[in-house]
Amino acid sequence: MPNISWNEIRQRSLTFSRDWSAATREQADKQTFWNEFFNIFGISRRVVATFEEPVRRISGSTGFIDLFWPGKLLVEHKTAGHSLDTAESQAFAYIHDLISSGRQDEAPRYILLSDFRRFALYDLDPDRQENLGIFHGLRYDRMEFPLSELHRNIAAFAFIPGYTLHRFTEQDPINLKAVAIMTALHDTLKAGGYRGHDLERFLVRILFCLFAEDTGIFEPSSFQLYLENRTNRDGSDLGARLAELFEVLDCPVDDRQRNLDESLAALPYVDGQLFTERLRFAAFNADMRNALLSCTRFDWSRISPAIFGALFQEVMTAPERRHIGAHYTSERDILKVIRPLFLDSLRAELNAAISDRSNRRRSRLDTLRDKLTTLKFLDPACGCGNFLVIAYRELRLLELDLLRQIYSQQGSLSLEEVYRLSQIDVDQFYGIEIEEWPARIAEVALWLMDHQMNMRIHEAFGQHFLRLPLRNTPHIHHANALPMDWNDVLPAAECSYVLGNPPFVGAMMMSERQHQEVKLTAPNVKNVGILDYVCAWYFKAAHYIEGSRIVVGFVSTNSLSQGEQVGILWGHLFSEYEVQIAFAYTTFTWESEARGKAHVHVVIVGFAASEIEPKILYESHEDDATSTRQVRNISPYLVEGPNLCVTNRSVPYCDSPPMRFGSMPRDGGHLILSQDEYDILISEEPDSKKFVRRYTGADDFLNGGTRYCLWLRDAVPSELKKSPRIMERLRGVRRFRQQSKAESTRKAADFPGIFVQLAQPAKKYLLVPRVSSERRKYIPMAFMSSKVIANDQVLTVEGASTYHFGILTSAMHVAWVKRVAGRLKSDFRYSKDIVYNNFPWPMSLTDTQHATVERLAQAILDARALFPDFTLADLYDPILMPPKLLKAHQALDRAVDRLYRPEPFPDDQARVELLFQLYERLTAPLLPATPTRRRSTRRT
C-alpha cells in the first residue's frame, strides 16, 4: 500500500481531471493518460500493468488489451466521443479469451473503459447479488461518470492503491432499502431495551459515520472495515467497540494514546460536541451486527443531507408514520420560501457588484461577503432541519460565486488561503424542535451539508478543504417553541430571518394541549378556538419580530387566507403588531418527497413588522407554473389589495335578499326516509302521505339522490296516532334527543315531530350547497319549490330572482368565493356570514343591464333542462360539462363582468382585486383610520 493519504489522492484526481479535460486522440495520448492516472494513487503504472497485452482469441488470432493488470484490472480505451459499447464488448471478450486460453488466474476483477471524457467501471465480483448486469455470462456491477467527476468517485478505485473495498452499489440519491435497514436497526435496538435519548444520539452518530466514510471525512471503507475486522461476528463486543470509536472521534489526535489500534488512530478528530456525551452501551447480537454492516454497503455520498434527515425522521418516530416523507417539505417548496425571503435579493446584490466596472467593484464584493457572515436564521419548528440545510447550502453556493469573482484573477491559492475563504458557518443557523430525534438529525445534516459545500470549494480552488475538527455547532434546541421565549434561542436583535413549515393541524383535530398553546400565544384574541394550530406560530413570530428588521417566511395551509380565520388572525396581526405582508404564494399543492404524494393545499406568506419594498405576489396556476408581479400591497387573501379582513356579518351589505341555513332535524335519522322506506310507509299507511315532503341536502341536490322527511309542523296529534310507523319514528327521535349532551337538543325531545331548527322558506327559493368541489368552474345552485325541505347542509335565499341567480352563479361571484370562503379539505365551504353578506353586488344598474342578466341566467337554466338524465354533479364536472351549458355560463360571465367595469377581466385574480376595492368602499365608514407607520424597512 503506497504511503499517500486519501486527501492527496483526491487532490491529484482533481488536477488530473483538469489537465486532461481537452484530450481527444486515443493513439496519441492514451498511454500518457493512463500513466498519469496511476500516478494519482502514487503508483508507477509500469510496475503493475502493461500496454497492448497480447491474448490468444478463441478463433486462433491474437488480440491486444489496451492496458492489463493481471488478476486486477483490464482497460479498454477509445477516442473521445466514440461509443463505449464497442469497448465493453471487447473487454468482456478478452476475459473469456483469458479463461479459455488457460490464464484464468489472470482474469481481472475490474474492467475500466474510457474515451478521455468518461469512465465506466465494472466490478465482476460484487458483494451484493441482486440487480446485477449480465454480459457474456458474467455478472457485474457498473458505474459511469464524466472525467470532471473523477474526484467525487475516486473511492471506487480503492483497489488500485491496495485498499479492500467490499461494496460497489448503485448511486441512488434516496436509497429506500438503506432506510429500511436503518429502520430495522432502530426497531431491533429499541425492542432490546435500548431506547430514548441514548438510541437517538447513537443512531445520529451512526449516520454521521456512514456519510463520513463515503464523502472523504474518513478514509474509504474505514468504518466498514473496523466493524468487520475489529468486532466479533456474534456482535457481543460491538457496543463497546462503537463506544471506543466514538470516544476516539471526540479526542484530538495529539491527545490520543500511542498504542491505540491503527484503524482507530487513523480517524480524524470531529469535535462539534457530536461524540462528546457518554451513552449507554448498545447490546448487539449477530443479526443486529449484520444489519449495521448492511448499512455500510450503500453509497451515502449521493444523498442530500436535507433529504436523508427528513427520511429518517419519518421512519424513526412512530410505526404509523412509516410512509417515508409523509410530512416532508420538498426542496422545491423550500426554495419558494427562501428565494423571496433573502436569496433573490442577495443574488441581485451580487450580480450588481459583478456588473460594476468601476473601481468600487471589489469593495462591493467585499461588503457583500462581510454581510453574509452577519446573517442569522431561525426555524422555530425545524424538524430535521431541511429548511435550515437548504438555506445554508444556497448561502454557501452564493458565497462560492462571490469568491470566484474576487479571486478569479489570482493564481493558485495555498491551503492556508483556501481555509480562510469561506466565512459562513453552521453556527449562523438556529432551530427549535419539540422531538429530540429530528433535532439531533438537524445538527448532523447541517454539518454534512457544510462538508459538501467545502468539497465545492475544493473543486473550485484546487485545494482539499476539510473543516475538521468541527469548531462551530448549529444551535438546535430540543424544546416546545410555543411556550418558550424565542429570544432565549436567538435574540431578535441578532436575527435576520425566521423561516419554516409549522405543523399542519386543523382546529377540529387539535388536542386540548394544542388549543391551550394557541390561546397562550394570543390571550386577548376573540374566537381563537377556531384557529388552526399554525396560527400560533404567526402570533409568536409577530411578537418576536416587533420593532425589528426581521422578515418571516412560513409555509402554511391555505386556511389562513380564507374564511373566518383571516379576520381573527390577520385582524390581530395588523392592529397589534402593524404587520405587513412582504411576499406571498397563492394556493398550490404541497409536494412531498414521499412514495404517495401528500394532498395538502398550502400558501407561503412572508411578513415583517414594518413596511418592506418591493412587495411580490407569486400566483400559482393549475399547470404548476407561477407568475410573479410587484404590487402596492398584499391583502391577507393574497391578492393585491388593502389590509382588510372580511368578517362575519349577519345581514348583507348590499340590497339582496337574506340567505339562511336550511332546517336542522337533529333526529338521529328517524324523521328522514329513503325511497324504499317511503314506499313501504305509503303502501302500508296511505293516509301518511300528507305528512311526507321531499327532503334534500347538498349530496342529494348535487348527485340526484331522492329522500323524504316527516314534516309534522302542522300535524294533528289524533291523526298521527293512526300511523304506527310514524309513532315508532317519533319515539326514536325522543330517545335520541333525550340522550344528547346538548341541552337545547334535550329540550327538543318534548317536540319529537318538529325539526330542532326550522328555517324552511315559505315560497320558492334558491338553494346553494354549503360545500362544493374546487374542481368545478361554477358552484351548482338551483331554484326549489317551498314544498322541498332543505336541510342544514345547504343555504337558501327565499324570494331570489333570476337576476340574483345570475350574479351568484357568475365567474365574478365564484372568484370571490374562492378567496374568502373557508375550505373543507380542498372543497369550497360557502358561508352566508362571510361570503354572501359581504359580497359587493354591482351597483347602479340600468333596466337593460338587469334584463340582460336575467335573460342569460334563464338561458343557463334552459341549457340544464336539455339534459334531464344528468345530475348537477355531472353537468358541472369540468370534463363532462355540456358545451351548450358552458357557453351559456360564459355569456353570462361576460355580461356580469361588464356590470363591474367595461374592460374584460384577464383572470379571477383581477376580478377579486376589484371586488376588494369595492368592499373597501362598502366598509370604509365602519373602519378606523389607518395608523401612521412608525418604522420602515427595506429587504436587505
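Conventions adopted
Residues numbered from 1 in each chain as written. Predicted model: local features only at pLDDT ≥ 70, side-chain atom pairs only at ≥ 80, totals over all residues. Heavy atoms only, no water. Helix = DSSP H or I, 4+ residues; strand = E, 2+ residues; numbered from the N terminus. Buried < 20%, exposed > 50% of the residue type's maximum accessible area, 1.4 Å probe, protein only. Contact = heavy atoms within 4.5 Å. Areas by Shrake-Rupley, 256 points an atom, 1.4 Å probe, with all protein chains shown as cover. Expected span 1.5 Å × (residues − 1). Arc of directions from axis to C-beta. Axes fitted to C-alpha atoms, helices over the stretch in contact; angles between N-to-C directions. Parallel < 35°, antiparallel > 145°, perpendicular 65-115°, else oblique. Left-handed = near helix turned anticlockwise from the far one by under 90°. Nonpolar A, V, L, I, M, F, W, Y, C, P; charged D, E, K, R; others polar. Phe/Tyr/Trp six-rings, centres within 6.5 Å; stacked < 30°, edge-to-face > 60°. Lys NZ or Arg CZ within 6 Å of the ring centre and 35° of its normal. Pairing = 2+ DSSP bridges. Salt bridge = Lys/Arg side-chain N within 4 Å of Asp/Glu carboxyl O. Core = buried A, V, L, I, M, F, W, Y, C linked by side-chain atoms within 4.5 Å. Patch = residues over 30% accessible without salt bridge, like charges linked within 9 Å, V, L, I, M, F, W, Y side chains within 5 Å. Polar contact = N/O pair within 3.5 Å; in protein donor to acceptor, adjacent residues only side chain to side chain.

Trainee: Any details on the overall build of the protein chain? Residues and values, ideally.
Mentor: Within the protein chain, the secondary structure is distributed over 31 helices and 27 strands. Residues classed as buried in the protein chain amount to 57% of the 940 residues present. Once local pairs closer than 6 in sequence are excluded, the contacts in the protein chain between residues at least 24 apart make up 73%. Only carbon and sulfur atoms are counted for the fraction: they give 48% of the accessible area of the protein chain, which is about 40500 Å².

Trainee: Describe the environment of Ala536, naming the residues involved and giving the relevant values.
Mentor: Relative to the helices and strands, Ala536 is located in helix α18 (residues 535–545). Given the relative accessible area of 0%, Ala536 is considered buried. Residues Ala536 and Pro503 lie 33 residues apart in sequence; the distance between their C-alpha atoms is 9.9 Å.

Trainee: Describe helix α23 (residues 724–738), naming the residues involved and giving the relevant values.
Mentor: Two residues of an α-helix separated by three or four positions point the same way, owing to the 3.6 residues in each turn. For α23, spanning 15 residues, the distance from its first C-alpha to its last is 21 Å, which sits close to the expected 21 Å at 1.5 Å a residue. Taken together, the buried positions of α23 are Ile726, Arg729, Leu730, Gly732, Val733 and Arg737. Taken end-on, α23 shows its buried residues confined to a sector of 155 degrees, consistent with a single buried face. More than 90 degrees from the buried face of α23, the exposed residues found are Pro724 and Glu728. Tucked inside the fold, the buried residues of α23 contact β18 (672–674), α20 (675–684), β20 (707–710), α22 (717–720) and α24 (743–747).

Trainee: Talk me through the side chain of Arg201; I want residue IDs and the actual numbers.
Mentor: Turning to its location among the elements, Arg201 is positioned in helix α6 (residues 196–214). In this structure Arg201 comes out as buried when scored by relative accessible area, which is 14%. Residues in contact with Arg201, not counting those within four places in the same chain, are Glu277, Leu279, Arg440 and Glu443.

Trainee: Got a sec to walk through unusual backbone geometry? Specific residues and values, please.
Mentor: Between Glu613 and the following residue, Pro614, the backbone shows a cis peptide bond with an omega angle of -5 degrees. Tracing the chain through its elements places Pro614 in the loop between β14 (601–608) and β15 (615–620). One non-glycine residue, Glu578, lies in the positive phi region at around 55 degrees. Looking at the secondary structure, you find Glu578 in the loop between α19 (564–577) and β13 (580–589). Among the residues examined, Glu578 registers a relative accessible area of 8% and is labelled buried. Its identity is not glycine, yet Leu638 carries a phi of approximately 60 degrees, on the positive side. Relative to the helices and strands, Leu638 resides in the loop between β16 (626–631) and β17 (659–661).

Trainee: Could you give an account of the packing of helix α14 (residues 386–406) against helix α16 (residues 436–461), naming the residues involved and the relevant values?
Mentor: Packing of α14 against α16 brings their axes to within 10 Å, and their N-to-C directions diverge by 20 degrees. With respect to α16, the axis of α14 lies roughly parallel. For the pair α14 and α16, the crossing hand works out as right-handed. Together, Leu388, Val389, Tyr392, Arg393, Arg396, Leu397, Leu400, Leu403 and Arg404 of α14 and Ala445, Leu446, Met449, Asp450, Met453, Asn454, Arg456, Ile457, Ala460 and Phe461 of α16 make up the contact between the two elements. Class assignment for the residues of the contact of α14 with α16 results in 13 nonpolar, 1 polar and 5 charged.

Trainee: Tell me about the packing of aromatic side chains, residues and numbers included.
Mentor: On inspection of all chains with the given rule, the structure shows 55 aromatic pairs. On the basis of an interplanar angle of 75 degrees and a centroid distance of 6.3 Å, the ring pair of Tyr695 and Phe755 is categorised as edge-to-face. Taken together, the residues Tyr695 in strand β19 (residues 692–696) and Phe755 in the loop between α24 and β21 (765–769) connect sequence positions 60 residues apart. Each of the two residues, Tyr695 as well as Phe755, counts as buried. It is Lys72 that lies over the ring of Trp69; its NZ or CZ is 5.6 Å from the centre. Residue placement shows Lys764 over the ring face of Phe783; its charged tip is 4.7 Å from the ring centre.

Trainee: Hey, could you go over α6 for me, with residue numbers and the actual values?
Mentor: Along its 19 residues, α6 runs 28 Å from first to last C-alpha, staying within 8% of the 27 Å computed at 1.5 Å per residue. Burial analysis of α6 places 16 of its 19 residues in the buried class, the great majority of the element.

Trainee: Please provide a residue-by-residue account of the sheet that holds strand β23 (residues 782–784), values included.
Mentor: Across the sheet, which stays open at both edges, the 4 strands sit in the order β17-β25-β21-β23 with antiparallel pairing between neighbours. Each edge of the open sheet carries a strand with a single partner, namely β17 and β23. Direction aside, neighbouring strands of the sheet carry axes that sit 40 degrees apart on average. Sheet topology places β21 next to β23; 3 bridges connect them, and they run antiparallel. Residue pairing for β23: Leu767 is matched across the bridge by Ala782.

Trainee: Outline the pattern of salt bridges, listing residues and values.
Mentor: Two side chains bearing opposite charge may form a pair once their charged atoms approach each other closely. With the rule as written, the count across this model stands at 49 salt bridges. The partner of Arg901 in a salt bridge is Glu903, with the nearest N and O atoms 3.8 Å apart. Overlapping salt bridges, with partners in common, bring together Arg201, Glu277, Glu436, Arg440 and Glu443 in one network.

Trainee: With reference to specific residues and values, describe the nonpolar core.
Mentor: The biggest cluster of nonpolar side chains holds 123 residues, and the ones touching the most others in it are Leu378, Trp486, Tyr538, Tyr544, Trp570, Tyr830 and Tyr900. Residue contributions to this core peak at 9 residues, all from α18. Among residues more than four places away in sequence, those in contact with Tyr830 are Met659, Val768, Pro769, Arg770, Ile779, Leu795, Leu808, His813, Val817, Val835 and Tyr836. One finds Ile424, Ile604, Ile612 and Ile616 within the second-largest nonpolar core, a separate group that totals 104 residues.

Trainee: Summarise the packing of helix α7 (residues 222–230) against helix α10 (residues 286–295); cite the residues concerned and give the values.
Mentor: It is the contact of α7 with α10, at a shortest axis distance of 10 Å, that shows an interaxial angle of 155 degrees. When the axes of α7 and α10 are compared, the pair comes out roughly antiparallel. Note that α7 runs across α10; the crossing there is left-handed. Facing Gln224, Leu227 and Glu228 of α7, the residues of α10 in contact are Arg289, Leu292 and Leu293. Here the residues of the contact of α7 with α10 sort into 3 nonpolar, 1 polar and 2 charged.

Trainee: Describe the sheet that holds β20, and please don't skip the residues or the numbers.
Mentor: A sheet is described by the order of its strands in space; here 4 strands give the open sequence β18-β20-β19-β24, paired in mixed fashion. The sheet is open, and its two edges are formed by β18 and β24 (789–790), each paired on a single side. Where β19 lies against β24, 2 bridges are found, and the strand directions are parallel. If you follow Thr696 over to β24, its bridge partner there is Ala790.

Trainee: Can you break down the environment of Ser620 residue by residue, with the values?
Mentor: Turning to its location among the elements, Ser620 is positioned in strand β15. Sequence spacing of Ser620 and Val603 is 17 residues, and the spatial spacing of their C-alpha atoms is 9.4 Å.

Trainee: I'd like a description of a nonpolar patch on the surface, backed by residues and values.
Mentor: A grouping of Phe870, Ile879 and Leu880 is seen on the molecular surface, where their side chains present a nonpolar patch of about 320 Å² in accessible area. Here Ile879 is to be found in the loop between α29 (872–875) and α30 (883–900).

Trainee: For the pairing of β20, give the residues involved together with the corresponding values.
Mentor: Examined bridge by bridge, β18 and β20 share 3 bridges and lie antiparallel to one another. From the neighbouring strand, Leu673 faces β20, where its bridge partner is Tyr708.

Trainee: For the pairing of β13, give the residues involved together with the corresponding values.
Mentor: Most of β13 is tucked away, with 8 of its 10 residues classed as buried. Across 7 bridges, β13 lies against β14 in antiparallel orientation. Residue pairing for β14: Thr589 is matched across the bridge by His601. Alignment of β13 against β15, held across 3 bridges, turns out to be parallel. Bridging across to β15, Tyr585 finds its partner in Tyr618.

Trainee: I'd like to hear about the side chain of Ser559, residue by residue, with values.
Mentor: Tracing the sequence through the fold places Ser559 in the loop between β12 (551–557) and α19. In terms of polar contacts, Ser559 uses its side chain to reach the side chain of Asp532, at 2.5 Å. Every residue in contact with Ser559, bar those within four places of it in the chain, is listed here: Asp532 and Gln565.

Trainee: Could you give an account of the environment of Met484, with specific residues and numbers?
Mentor: Counting through the fold element by element, Met484 comes out in the loop between β10 (475–478) and β11 (497–500). Spatially, the C-alpha atom of Met484 lies 10.0 Å from that of Ile432, the residues being 52 residues apart in sequence. Beyond its immediate sequence surroundings of up to four residues, Met484 is in contact with Ile432, Ala479, Val489 and Lys540.

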